[in-house]
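# Structure at a glance
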Amino acid sequence: SIRAPATKKTTTLTVAIKCRPLTEKERLRSRDIVRVKEDKEVLVLDPDLTKDYLERIQNRTKEKKYSFDHAFGPDCTNLDVYRRSICSIIAGVVQGLNATIFAYGSTGSGKTYTMVGTQGDPGLMVLSLHTVFDFIKKDKSTDDFEVTCSYLEVYNEVIYDLLEKSSGHLELREDPEQGIVVAGLRCIKVHSADKILELLNLGNSRRKIESTEANATSSRSHAVLEITVKRKQRNKYRNQVIKGKLALVDLAGSERASETHSGGQKLRDGANINRSLLALANCINALGKQQKKGLAYVPYRNSKLTRILKDGLSGNSQTVMIATISPADNQYHHTINTLKYADRAK
Ligand code: ADP
Ligand code: MG
């Protein structure tokens, strides 16, 4: 039998902001308009205010101010983000709880960097898997553990396997025992976190890129890494299996979703509207309300992505949203949209 201990009834939502540094190119022509204060507050300056004006007023009273559970500035590493907002969740996953972590933000704001990262600054997907194995190593019980990973993409409401060289379309099925499953999705057994970065980079090279935006990679594709930890408890009478799932999601760029919210004139066809992103945004809003006012209906059924993530967005689960922003003045509107959205969610 597969079961999860029912210790919590509602989903906790944590909202964190990560502001990346200016890139080398940006440093030549962009002004930094974002400040992070006391690990909680994000202050943004309207770039329409001229430099002269700024010099005159000397103070920063014109900044827009937002506050969150956590806020990470450009000097923070992925490990800093991980330690303060994610690490404590992993213990729960090893005990059979579900969790979802996702990166939300416009294209180029640092979602993939935060989730996957680099060799020198490994991202949340890599760090989470490391901690899973640390917990297993330290576990004093006689339980057996099995850790598996899958990595999929949702693009234009079609699911593809990022662990396969040329994946066909995959379908969602309702399994009476396991709930919603992606039929035929490759699930690999992993024994350490060693090769995961290579695997993620290979998977990411398979994500769909639109030809018109070659320098804005994968802006419409969602990538979901799911880490499943099965703990097999042995006792005299039966073998019991406890299953915890951690989903880490590198979302499609949020710029189109906010365009839709603000009139939608730029959207020409159905493919441009990212149904999964909007559905997830609605689920997150509902979770935020649930946290503040008690139970609320969370509309999972409206997209592929939210159906895939259902277990990690409901019941005994924890959700962390990392909203990523760029500090550059030419990204002002995207930054404000992301902060407003994250502010409403918390
Ligand atoms: P997104 O996935 O949101 O489109 P990326 O993660 O690809 O954005 O980041 C855009 C650019 O910014 C990349 O060149 C990336 O290396 C760089 N970048 C993002 N976050 C950081 C960071 N914390 N430190 C250094 N460079 C970063
Ligand atoms: Mg990306």
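Residues numbered from 1 in each chain as written. Chains lettered and ligands numbered in written order. Predicted model: local features only at pLDDT ≥ 70, side-chain atom pairs only at ≥ 80, totals over all residues. Heavy atoms only, no water.

## Let's talk about the overall build of the protein
- Across its full length, the protein holds eleven helices and 15 strands.
- Taking all 346 residues of the protein together, the buried fraction comes to 53%.
- Taking all contacts inside the protein whose residues are at least 6 apart in sequence as the whole, residues at least 24 apart take part in 71%.
- Surface accessibility of the protein: about 17,300 Å² in total, with carbon and sulfur atoms responsible for 48%. (Helix = DSSP H or I, 4+ residues; strand = E, 2+ residues; numbered from the N terminus. Buried < 20%, exposed > 50% of the residue type's maximum accessible area, 1.4 Å probe, protein only. Contact = heavy atoms within 4.5 Å. Areas by Shrake-Rupley, 256 points an atom, 1.4 Å probe, with all protein chains shown as cover.)

## Thoughts on the site of ligand 1
- In the region of ligand 1, the neighbouring residues are Lys18, Arg20, Pro21, Thr23, Ser106, Thr107, Gly108, Ser109, Gly110, Lys111, Thr112 and Tyr113.
- In this structure, Ser109 approaches ligand 1 through a main-chain N or O atom, which is 3.3 Å from an oxygen atom.
- Within the backbone of Tyr113, one N or O atom sits 2.8 Å away from an oxygen atom of ligand 1.
- Coverage of ligand 1 by the protein chains reaches 69% of its 560 Å² of free accessible surface.
- Residues belonging to the shell around ligand 1 are distributed by class as follows: two nonpolar, seven polar and three charged. (Near = heavy atom within 4 Å. Polar contact = N/O pair within 3.5 Å; in protein donor to acceptor, adjacent residues only side chain to side chain. Nonpolar A, V, L, I, M, F, W, Y, C, P; charged D, E, K, R; others polar.)

## Digging into the state of the cysteines
- Counted by the stated rule, this structure contains zero disulfides.
- Free of any disulfide, Cys19 has its nearest cysteine sulfur in Cys76, 9.9 Å distant.
- Of all cysteine sulfurs in the structure, the one in Cys149 sits closest to Cys187, which takes part in no disulfide; the separation is 8.0 Å. (Disulfide = S-S within 2.5 Å.)

## A word on the packing of helix H3 (residues 78–85) against helix H4 (residues 87–94)
- Interhelical geometry of H3 versus H4 gives an angle of 60 degrees and a closest axis separation of 4 Å. With respect to H4, the element H3 is oriented oblique. From H3, Tyr82, Arg83 and Ser85 reach across to H4, where they touch Cys87, Ile89 and Ile90.
- Classifying every residue of the contact of H3 with H4 by side-chain character gives four nonpolar, one polar and one charged. (Axes fitted to C-alpha atoms, helices over the stretch in contact; angles between N-to-C directions. Parallel < 35°, antiparallel > 145°, perpendicular 65-115°, else oblique.)

## Brief notes about the pairing of strand S4 (residues 41–44)
- With burial as the criterion, each face of S4 is covered, one bearing Glu41 and Leu43 and the other bearing Val42 and Val44.
- Between strand S3 (residues 34–37) and S4, which follow one another and run antiparallel, lie three residues, and Glu38 among them has a positive phi close to 50 degrees.
- Pairing of S4 with strand S5 (residues 64–67), which is carried by four bridges, proceeds in the antiparallel orientation. The residue of S5 that forms the bridge with Glu41 is Ser67. (Pairing = 2+ DSSP bridges.)

## Some details on the nonpolar core
- If you look at the biggest cluster of nonpolar residues, it comprises 49 residues, and the most contacted ones within it are Ile17, Val42 and Ile284.
- Ile17 has contacts with Val42, Phe68, His70, Ala71, Phe72, Ala323, Ile325, Leu339 and Ala342, leaving out every residue within four places of it along the chain.
- Formed by 41 residues, the second largest nonpolar core is a distinct cluster that contains Leu124, Ile188, Ile227 and Ile322. (Core = buried A, V, L, I, M, F, W, Y, C linked by side-chain atoms within 4.5 Å.)

## Here we look at H4
- Within the sequence span of H4, burial applies to Ile89, Ile90, Gly92, Val93 and Val94.
- Of the residues flanking the end of H4, it is Gly96, one or two places downstream, whose phi is positive at about 105 degrees.

## So, the sheet that holds S3
- Here we have three strands laid out as an open sheet, ordered S3-S4-S5, and antiparallel in their pairing. Strand pairing shows two members of the sheet lacking a second neighbour, S3 and S5, which therefore form its edges. If you compare each strand with its neighbour and ignore which way they point, the axes differ by 20 degrees on average.
- As paired elements, S3 and S4 share four bridges and run antiparallel to each other. Note that in S4 the partner of Lys37 across the bridge is Glu41.

## A look at unusual backbone geometry
- Phi at Asn156 is positive, roughly 50 degrees, even though this residue is not glycine.
- Examined against the element boundaries, Asn156 turns out to sit in the loop between strand S8 (144–155) and strand S9 (158–161).
- Phi at Glu157 is positive, roughly 65 degrees, even though this residue is not glycine.
- Here Glu157 shows up in the loop between S8 and S9.

## Here's the deal with the environment of Lys37
- Within the element layout of this structure, Lys37 appears in strand S3.
- Take Lys37: its relative accessible area is 32%, and that puts it in the partly exposed class.
- In this structure the C-alpha to C-alpha distance between Lys37 and Ser67, which are 30 residues apart in sequence, comes to 9.2 Å.

## Quick look at the pattern of salt bridges
- Under the defined criterion, the tally for this structure stands at 14 salt bridges.
- Among the ionic pairs, Arg301 bridges to Glu174, the shortest N-O distance being 3.3 Å. Of this pair, Arg301 sits in the loop between helix H9 (275–293) and helix H10 (304–308) while Glu174 sits in strand S10 (residues 172–175), placing them 127 residues apart in sequence.
- Arg307 serves as the salt-bridge partner of Glu174, at 3.6 Å between the closest nitrogen and oxygen. Highlighted residues: Glu174 in strand S10 and Arg307 in helix H10, separated in sequence by 133 residues.
- Overall, the relative accessible area of 48% leaves Glu174 in the partly exposed class.
- Of the residues examined, Arg307 reaches a relative accessible area of 17% and is grouped as buried. (Salt bridge = Lys/Arg side-chain N within 4 Å of Asp/Glu carboxyl O.)

The values are spatial; any link to function lies outside them.
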